[in-house]
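# Chain and residue survey
Each chain is listed here by its residues.
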Number of protein chains: 2
Amino acid sequence: MPDAPLYERVAFIGLGLIAGSMAHAMRRGGLVGETVGTARSADTRDVAREIGLVDRVVDSAAEAVEGADLVVLAVPVGAMGGVAEEIGPKLAPGATVTDVGSVKRAVIEAVGPHIPEGVHFIPAHPLAGTEHSGPRSGFATLFDNRFTLIVPSEGSDRDAVGRLETLWQGMGAHTEEMDADHHDLVLAVTSHTPHLIAYTMVGVADDLRRVTDSEVIKYSAAGFRDFTRIAASDPTMWRDVFLHNKDATLEILGRFTEELFALQRAIRTGDGDQLFDYFTHTREIRRGIIEAGQDTDAPDFGRAKTK
Amino acid sequence: MPDAPLYERVAFIGLGLIAGSMAHAMRRGGLVGETVGTARSADTRDVAREIGLVDRVVDSAAEAVEGADLVVLAVPVGAMGGVAEEIGPKLAPGATVTDVGSVKRAVIEAVGPHIPEGVHFIPAHPLAGTEHSGPRSGFATLFDNRFTLIVPSEGSDRDAVGRLETLWQGMGAHTEEMDADHHDLVLAVTSHTPHLIAYTMVGVADDLRRVTDSEVIKYSAAGFRDFTRIAASDPTMWRDVFLHNKDATLEILGRFTEELFALQRAIRTGDGDQLFDYFTHTREIRRGIIEAGQDTDAPDFGRAKTK
């Protein structure tokens, strides 16, 4: 535990999976003083109060940020600008505002103009999550051994950036700095396009006349169920991601369909060598992910009981 | 444990994940008398001998099936016909031949003509697997609570079919009967197309200039890593699946690209409502899979440590 808290008072705007997990992880590490939180929905605020998610739940974002030296915007990307506009005039001088949005360029454009002189705006993105959402879904270990990307701008105060990175490291994460446009492209590859493809595949399966939903469900262990986890993620969050990382997602989707058509053609023409070579190559990426500690080598993600 | 073994001698042709898991599961249940096995590769046979995967490892398929009352073809779909041709003349009268191929119509056409009068050919397909392969990858619980589809033909001997179903149930599986063409369509949806899409997405990520493999690997926890598991499956097996379930796979792929283009258009035109509705719908399928006991509700497939 650090000698002094990194921040005296942290305000969470939004109390879903990420904010909730941050609150748990901050408590685990004894990293901060008071935590305050709010959410747009009264139900969410009630649940947060009931389970003691943060020290104090308040009814508005403007109230939450009063006297906070760290403000965490943890709402869907499309809602960030409105929140920033509301809290801008209430931010304490010297405070840091950060966010946890999955898209960075659009958030910077929406939030940046509302941040007053003397307040540090340092966007961030923890690359961790689960298919669950809401105030009960968070847990302290979510960020352990995962990466959080920090997206400072050229003029960012290095002390403020360093303190935010120390906080994320205290919550278990590795941190790396990246510029906003590269972030959005990397995430289009590692997250946004895979989610869109998973949503699409699950939608297709749900919509066939000749194969029933019951068959899809019963026989899903043959591969399909791996897709359904990320296709069960929060719809509002993902709608906003696609609307706000349009260009990079469309670029990677274009590459994806190009490759898919090439493999489709190999199937149609019976080109077994092309298929075999392609499928051999993709094993190496999986091996890299396991060696980097970003997934388990246990069969079936560890779902299978091999003992 | 049954009073008498269901089969006196089981011959496995091929000693990979599925045959190995069957051998373990048969042993666990005390379901059969002797198990005999062979594989084309001498290395595989050596490993199988070393770990005692079956009671007796022999050097050829023709030798393996001698005196067996159950023969299990557990080789890639494209190799089934050649094996059937080799063993056909050696099969014992009254024996049952089954297979575990992921495609059924093509296997029936390749194997059927080599099965002599008086031998029962009853195709089957256990809907279970992991991304690992080879003689060391099998384990006794692989089929527990999973489905095995049995694909008898109209003239199949009902006693022989019933005995094979009892065997699969003894290995932990639920069994259902299905005709070959419907099987191939259902699997195109629940398995073959998802695998092709996963292979494609992983291939695209590997092939980008502006995003390095190292970045893809480090930041994979944002969604991508779910795809890499099935894209690490055995390349020979999957090459053969696509070549031999061409029509159904191409049909489902066509539906998939149609839907993907519709969502791509919604992103391009900024139609958030369409995206939101689509993403809301797909959550229900996941819920169905969990309620049917075909996947875990633990966050992140249970990879996440929430305690």
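Residues numbered from 1 in each chain as written. Chains lettered and ligands numbered in written order. Predicted model: local features only at pLDDT ≥ 70, side-chain atom pairs only at ≥ 80, totals over all residues. Heavy atoms only, no water.

A rotation about some axis, followed by a shift along it, carries one copy of the chain onto the other. Each copy superposes on the other: chain B lies on chain A with an RMSD of 0.0 Å after a rotation of 180° and an axial shift of 0.0 Å. The two molecules are tied by a two-fold rotation axis, judged by turn and shift. Taken together, the interface assignments show that 100% of the residues at the interface of chain B recur at the interface of chain A, consistent with an identical surface on both copies. (Least-squares fit on C-alpha atoms with pLDDT ≥ 70 in both. Contact = heavy atoms within 4.5 Å.)

On to the packing of helix α12 (residues 272-291) of chain A against helix α10 (residues 235-244) of chain B. Relative orientation of the contacting elements α12 of chain A and α10 of chain B amounts to 140°, with a least axis distance of 9 Å. Accordingly, the angle class assigned to the pair α12 of chain A and α10 of chain B is oblique. Here α12 of chain A runs over α10 of chain B; the crossing is right-handed. Along its contact with α12 of chain A, which presents G272, L275, F276, F279, T280 and R283 of chain A, the element α10 of chain B presents P235, T236, W238, R239, F242 and L243 of chain B. (Axes fitted to C-alpha atoms, helices over the stretch in contact; angles between N-to-C directions. Helix = DSSP H or I, 4+ residues; strand = E, 2+ residues; numbered from the N terminus. Parallel < 35°, antiparallel > 145°, perpendicular 65-115°, else oblique. Left-handed = near helix turned anticlockwise from the far one by under 90°.)

All right, on to the domain arrangement of chain A then. All names here are of chain A. Once the domains are mapped, chain A shows domain 1 (7-178) and domain 2 (182-270). Just the C-alpha atoms count here: the centres of domain 1 and domain 2 sit 29 Å apart. Each partner contributes to the interface: domain 1 provides 16 residues, whereas domain 2 provides 16 residues. With both chains or domains summed, domain 1 and domain 2 bury close to 1300 Å², and 67% of this area falls on carbon and sulfur atoms. (Domains from an automatic or database assignment. Buried area = accessible area lost by both parts, 1.4 Å probe.)

With that settled, consider helix α2 (residues 42-51) of chain A. All names here are of chain A. Where α2 is concerned, the buried positions are T44, R45, V47 and A48. For α2, the buried positions fall inside an angular range of 165° around the axis, keeping them on one side. For α2, the exposed residues lying more than 90 degrees away from the buried face are D43 and E50. Here the buried face of α2 lies against β2 (32-38) and β3 (56-57). Put simply, S41 is the residue that caps the front of α2, since its side-chain oxygen is 3.2 Å from the backbone nitrogen of D43. The positive-phi residue at the C-terminal boundary of α2 is G52, with phi of around 65°. (Buried < 20%, exposed > 50% of the residue type's maximum accessible area, 1.4 Å probe, protein only. Arc of directions from axis to C-beta. Polar contact = N/O pair within 3.5 Å; in protein donor to acceptor, adjacent residues only side chain to side chain.)

Going through the model one piece at a time under the given rule, you end up with 14 aromatic pairs over all chains. Aromatic pair Y219 of chain A and F147 of chain B: ring centres 5.4 Å apart, planes at 85°, arrangement edge-to-face. Of this pair, Y219 of chain A sits in the loop between α8 (213-218) and α9 (225-230) while F147 of chain B sits in strand β8 (residues 147-150), which puts the two residues in different chains. When its relative accessible area of 1% is taken as the criterion, Y219 of chain A is described as buried. Each ring, one from W238 of chain B and one from F242 of chain B, has its centre 5.7 Å from the other, and the planes form 40°; the classification is tilted. Taken together, the residues W238 of chain B and F242 of chain B, both in helix α10 and 4 residues apart, mark about one turn of the helix. The buried category is assigned to F242 of chain B, whose relative accessible area is 0%. One aromatic cluster in this structure is built from Y199, W238 and F242 of chain A together with F279 of chain B. Positioned above the aromatic ring of F301 of chain B is the side chain of R229 of chain A, whose terminal nitrogen or guanidinium carbon lies 5.3 Å from the ring centre. Over the ring of F301 of chain A we find R303 of chain B, and its NZ or CZ is 4.5 Å from the ring centre. (Phe/Tyr/Trp six-rings, centres within 6.5 Å; stacked < 30°, edge-to-face > 60°. Lys NZ or Arg CZ within 6 Å of the ring centre and 35° of its normal.)

Our next topic: the UniProt feature "domain: Prephenate/arogenate dehydrogenase" (unreviewed entry) in chain A. The feature "domain: Prephenate/arogenate dehydrogenase" (unreviewed entry), as given by UniProt, occupies residues 8-297 of chain A in the numbering adopted here. From the first C-alpha to the last, residues 8-297 of chain A spans 41 Å; its make-up is 51% helix and 12% strand. (UniProt positions renumbered as here; feature names shortened; annotations may be inferred.)

In this section: the pairing of strand β8 (residues 147-150) of chain A. Residue and element names in this part refer to chain A. Here β8 shows no split at all, with F147 and L149 on one side and T148 and I150 on the other all buried. Of the strand pairs in this sheet, strand β7 (residues 124-126) and β8 are connected by 3 bridges, and their pairing is antiparallel. Across the sheet, H125 pairs through a bridge with L149, a residue of β8. Pairing analysis gives 4 bridges linking β8 to strand β9 (residues 174-177), with the strands arranged parallel. Each residue of the ladder has a partner; that of F147, found in β9, is H174. Once you follow β8 into helix α6 (residues 158-170) and on to β9, the crossover reads as right-handed. (Pairing = 2+ DSSP bridges. Right-handed = clockwise from strand over helix to strand, strands pointing away.)

This brings us to the environment of K104 of chain A. Residue and element names in this part refer to chain A. The residue K104 is located in the loop between β5 (96-99) and α5 (105-111) in this model. Put simply, K104 and G88 are 16 residues apart on the chain and 19 Å apart in space, counted from C-alpha to C-alpha. With near-sequence residues (within four places) excluded, K104 lies in contact with D99, P123, A124, H125, V151, A180, H183 and D184.

So, about the environment of S191 of chain B. Along the chain, S191 of chain B turns up in helix α7 (residues 180-206). If we ignore the near neighbours within four places in the chain, the residues touching S191 of chain B are A222 of chain A together with W238 of chain B. In this structure the side chain of S191 of chain B is engaged in a polar contact, spanning 2.8 Å, whose partner is the backbone oxygen of A222 of chain A.

Residue and element names in this part refer to chain A. By the secondary structure assignment, P76 is in the loop between β4 (70-73) and α4 (80-87). Relative accessible area serves as the criterion here: at 28%, P76 is assigned to the partly exposed category. Distance from P76 to D234, taken between C-alpha atoms, is 9.6 Å for residues 158 residues apart in sequence.

Attention now goes to the sheet that holds strand β4 (residues 70-73) of chain B. Sheet strands associate in pairs through backbone hydrogen bonding, adopting either a parallel or an antiparallel arrangement. Residues and elements named next belong to chain B. If you walk across this open sheet you meet the 6 strands as β3-β2-β1-β4-β5-β6, and the pairing is parallel. Edge positions in the sheet fall to β3 (56-57) and β6 (120-121), since each has one partner strand and no second. Relative to strand β2 (residues 32-38), strand β1 (residues 7-13) runs parallel, the two being bridged by 6 bridges. Looking at the pairing, I13 lines up with T38 of β2. Helix α1 (residues 17-29) contacts β1, β2 and β4 of the sheet and is inclined by roughly 160° relative to β1. The strands touched by helix α4 (residues 80-87) are β1, β4 and β5 (96-99); relative to β4, the strand with the most contacts, the crossing angle is about 150°.

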